Amino acid sequence: MTRHRPRGKGKGKRRDAPVDDGRNNDLLDKASFKNERFFAYYKAQKILPEEEWEEFLEAMRRPLPTTFRVAGSRQTAAVLNKTIEDVHVPSLSNAEFEGQKIPPPVQIPWYPDGLAWQFNVPKKVLRKQPEFKKFHSFLVFETEVGNISRQEGVSMIPPLFLDVEPHHKVMDMCAAPGSKTAQILEALHAQDTVTSSSIPSGLLVANDSDNKRTHLLIHQSARLPSPALMVTNLDASNYPSIKIPTPRGMRTLMFDRILCDVPCSGDGTMRKNIGIWKTWSPGDANGLHSLQVRILLRAMRLLNYEPSSKIVYSTCSLNPVENEAVVADALIQNPDFELMDVSDRFPQLIRRPGMTEWRPTTDRECETTFESYEEFIASSKVDEAMKAKLSRSHWPPDGVEKLNLPYCMRIYPHLQDSGGFFVAVLRRKPKLAVPTSDRKRAASEGVQEVAAPETKKARLDDEDAMQTELKKDESDSPMADQESEATTPQAEEGQGAAEKERSKSASAAASGSGAFREQPYTYVSPTDPVLLSCLSRLHINPSTFPVSNVLVRNPEGEAARVLYISNDIVKSIIQNNSYERLRLTAAGTKIFAKQEGGKATEAQFRVLGEGLPVVLPFVDEKTIMDGDHESLKILVESYYPLCERLPQPFRKMVEDRPSGSHIVRFPKGTTEITSLTHDLVLPIWKSNVSLTLMIDKKAKSALSLRLFGKDITTAGKERQAQMGQKDSGSATPAVKDETPAAVVVEESGAIVVDESGLKMEEKKD
Ligand SMILES: C[S@@+](CC[C@H](N)C(=O)[O-])C[C@H]1O[C@@H](n2cnc3c(N)ncnc32)[C@H](O)[C@@H]1O
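Residues numbered from 1 in each chain as written. Predicted model: local features only at pLDDT ≥ 70, side-chain atom pairs only at ≥ 80, totals over all residues. Heavy atoms only, no water.

### Some words on the side chain of D261
Thought 1: Examined against the element boundaries, D261 turns out to sit in strand β12 (residues 257-261).
Thought 2: Looking at D261, the relative accessible area reads 8%, which means it is buried.
Thought 3: Reaching out from D261, the side chain makes a polar contact with the side chain of K180 at a distance of 2.7 Å. (Helix = DSSP H or I, 4+ residues; strand = E, 2+ residues; numbered from the N terminus. Buried < 20%, exposed > 50% of the residue type's maximum accessible area, 1.4 Å probe, protein only. Polar contact = N/O pair within 3.5 Å; in protein donor to acceptor, adjacent residues only side chain to side chain.)

### Re the nonpolar core
Thought 1: Core analysis: the largest hydrophobic core is formed by 140 residues, its most contacted members being M173, V327 and L426.
Thought 2: Examining the composition of this core, we find that nine residues originate from one element, helix α10 (residues 282-302), more than from any other.
Thought 3: Among the nonpolar cores identified, the runner-up in size contains 25 residues, and L531, I591, V615 and V681 belong to it. (Core = buried A, V, L, I, M, F, W, Y, C linked by side-chain atoms within 4.5 Å.)

### What to know about the pattern of salt bridges
Thought 1: A full pass over the atoms with the stated rule returns 24 salt bridges.
Thought 2: Between K387 and E384 there is a salt bridge, and its shortest N-O distance comes to 3.7 Å. Placement of the pair is K387 and E384 together in helix α13 (residues 384-387), with a separation of three residues, close to one helical turn.
Thought 3: Of the charged contacts in the structure, one is a salt bridge between R719 and D711, with a shortest N-O distance of 2.8 Å.
Thought 4: Using a relative accessible area of 21% as the deciding quantity, one classes R719 as partly exposed.
Thought 5: Take D711: its relative accessible area is 7%, and that puts it in the buried class.
Thought 6: What emerges from the salt-bridge pattern is a single network uniting E58, R62, R271 and D417. (Salt bridge = Lys/Arg side-chain N within 4 Å of Asp/Glu carboxyl O.)

### A word on the environment of S566
Thought 1: Tracing the backbone through its elements, the reader meets S566 in the loop between β20 (562-565) and α20 (568-576).
Thought 2: Sequence-wise, S566 and A228 are 338 residues apart; in three dimensions their C-alpha atoms are separated by 6.1 Å.
Thought 3: If we ignore the near neighbours within four places in the chain, the residues touching S566 are P227, Y523, N549, L551, K571 and G588. (Contact = heavy atoms within 4.5 Å.)

### Structural notes on the side chain of N35
Thought 1: Relative to the helices and strands, N35 resides in the segment before α1 (36-45).
Thought 2: Among the polar contacts listed, one links the side chain of N35 to the backbone nitrogen of R37, at a separation of 3.0 Å.
Thought 3: Among all residues touching N35, those that are not within four sequence positions of it are I276, W277, K278 and W280.

### Here we look at the sheet that holds strand β28 (residues 680-686)
Thought 1: Taken together, the four strands give an open sheet; going across it, the order is β24-β25-β28-β29, and neighbouring strands pair in mixed fashion. A strand with exactly one partner marks an edge of an open sheet, and here the two such strands are β24 (625-626) and β29 (691-693).
Thought 2: Pairing of strand β25 (residues 660-666) with β28, which is carried by seven bridges, proceeds in the antiparallel orientation. What sits directly across from V664, in β28, is L682.
Thought 3: Sheet strands in contact with helix α22 (residues 629-637) are β25, β28 and β29, and its direction is about 85° off that of β29. (Pairing = 2+ DSSP bridges. Axes fitted to C-alpha atoms, helices over the stretch in contact; angles between N-to-C directions.)

### What to know about the UniProt feature "binding site: S-adenosyl-L-methionine" (unreviewed entry) in the protein chain
Thought 1: UniProt annotation of "binding site: S-adenosyl-L-methionine" (unreviewed entry) refers to C174, A175, A176, P177, G178, S179, K180, D208, D235 and D261 when read in the numbering used here.
Thought 2: Along the chain, P177 falls in the loop between β7 (169-172) and α7 (179-188).
Thought 3: Residue classification places P177 among the buried positions, given a relative accessible area of 7%.
Thought 4: Mapped onto the elements of the fold, D235 is located in the loop between β9 (229-232) and β10 (243-246). (UniProt positions renumbered as here; feature names shortened; annotations may be inferred.)

### Structural notes on the UniProt feature "active site" (unreviewed entry) in the protein chain
Thought 1: According to UniProt, the feature "active site" (unreviewed entry) maps to C316 in the numbering used here.
Thought 2: Topologically, C316 is positioned in the loop between β13 (310-315) and α11 (324-333).

### Let's talk about the packing of aromatic side chains
Thought 1: The tally for this structure, following the rule as stated, stands at 29 aromatic pairs.
Thought 2: Geometrically, the ring pair formed by F38 and Y42 is edge-to-face, given 4.9 Å between the ring centres and 70° between the ring planes. Taken as a pair, F38 and Y42 lie in helix α1 at a separation of four residues, close to a single helical turn.
Thought 3: F38 gets classed as buried once you look at its relative accessible area, which sits at 0%. (Phe/Tyr/Trp six-rings, centres within 6.5 Å; stacked < 30°, edge-to-face > 60°.)

Following this line, the structure appears as structure tokens:
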């Protein structure tokens, strides 16, 4: 008996990138990996040469290897990757299970810096083979804290082709659950160090029309907190213009990089989502085509005029109707754009060129395909209702050869033991680029604007285009009061022709799903006493700290519970656009949270673990306490160790400090207790007689595994005791809850009570 993950709501079956739960399908009945419709359809499309067909099917039926990416900013990732290379791989190299040698993880050859890994072992090996069991624990905990992202290999491809840099303004149009968002954030944060986070000048707007999924996205992205992140909940095909002030008035914000990882039928994920074998039908792709086109067209309107600006369009579907047909129609509707030849990039990534011929069908059994739209419309075999389901753009257009569709990339499972995927990279045609001098200024202003005297004509043309763009955007954009009633246009099987869809969308409100009930973000006054007290307690100089960029989640701008920080561009957007119109769901990153005092204790704010890397560069070095490895072990082992348990001189240092939030640096180096490859800087809370490491349970367990080779935390010991009853000695937790504990604590407002009576509370502001 197999369990299949449900694949979204509605009649149209679409892949909304389920989070890889690591479940494998090695126990499944291979006979169920059949679907005659699928075979007939794709054979007719000639997606592969005849001689590769069996190899392709055979790969489609094999369980997908487990893949993961070492995440985090560049430096952090490099440190952890070295641990995998130097510690885990050697320990797994001679692993055997039931007399068979088990291959260790290997680096995915095309992924930069060897940061992506792949291994292919059955679940029972992970559960029972001691070295793999340990490695699995490591993966689970590091995933919980965001240092590892268990992401399907092919899903790592689109962000690579985006080439994001820290100053880029990036839009991720269909972002949830956020594995690619995380990759983009990492690129924006390329300048972070292992202990401190940069404040990038760029921007990432991560959008998804599904409200619940935007919250999942926020949980995921909390693993890489960023002052440059905004999350919105809108229909990407009708994304409103974002206004931004410039010295020459308000302008529409245009993006340097746009990712359209659109909803799709997902038949490239059949190795993982095996339910698709049973349900696959050509109608899934047919019904999604027009929404996919509209999302790509909207992205084209939002891309700026920099020659290096680009859009990456991707699906995990093999179907040309969702891939080449979408790209072709968007290029025809917007002839300013072209496909980029990226064949020289990532040469070890084995791919096939995009198709130039395909033949859609509405026949569920896929026995009839039509060479042209005209043939389809004229056919007596098709009834009128069916005819309304497909539009001309489902077929290859006339003059298809001029569109360079072979520049698109098709990834098939048998080429490198992966899922199936499609990627296309698009840009404005170079002649439409803005001259360099203007680009520099426009880039510094973060908007699309032109003004070079020597290219006056071009400037006027572009400016006119810009103003038209602005007007069109304004007329497209819904007003806030329309949004609560509007719903996301669903791409469903049985929807009308694409043309009808397009005209519908012109009048549709650009809204995400459901009512919008988020609190607004408001910037706090730079002289707010709570903010200044937070800064002074942590010895942060307000003249260097970006005090004007601190925000809260209430309309009054009152520093009541949680303080966030954003960068300048996020601030500019929030201050000049209605949060309801943008359905702004999250912005910036949390830095301080209120710590309720006991009866006699005055409430204080503390620095949050996720905010510490941002705050750290502004903290007076002299006030950071120097810890030692023994104290670190004590803090990891117990929730609230008494100060008197700490070794000197750290004990005295702590005792001399007032109660409240402090920062400790544990030095890199090797002692008999542990070995640190870099300084570890952590937030602590000191009460009268004890102190607490202010990181959540799972982060503590991950730290413990990394530092001491086992989970010595109280929670870890309890878990082991529980599991020991079932499976003696097992240290691997079940991977049921994919949400990191930090998020659970902060979003649920869970309360942990310190033995001194102090409540460690974080409620949603
Ligand atoms: C393929 S998934 C995206 C996966 C994501 N990029 C990642 O890497 O984790 C497609 C997403 O599109 C969202 N979606 C569907 N229709 C949309 C629309 N009209 N506008 C924006 N998002 C949409 C779905 O909710 C889903 O989360």
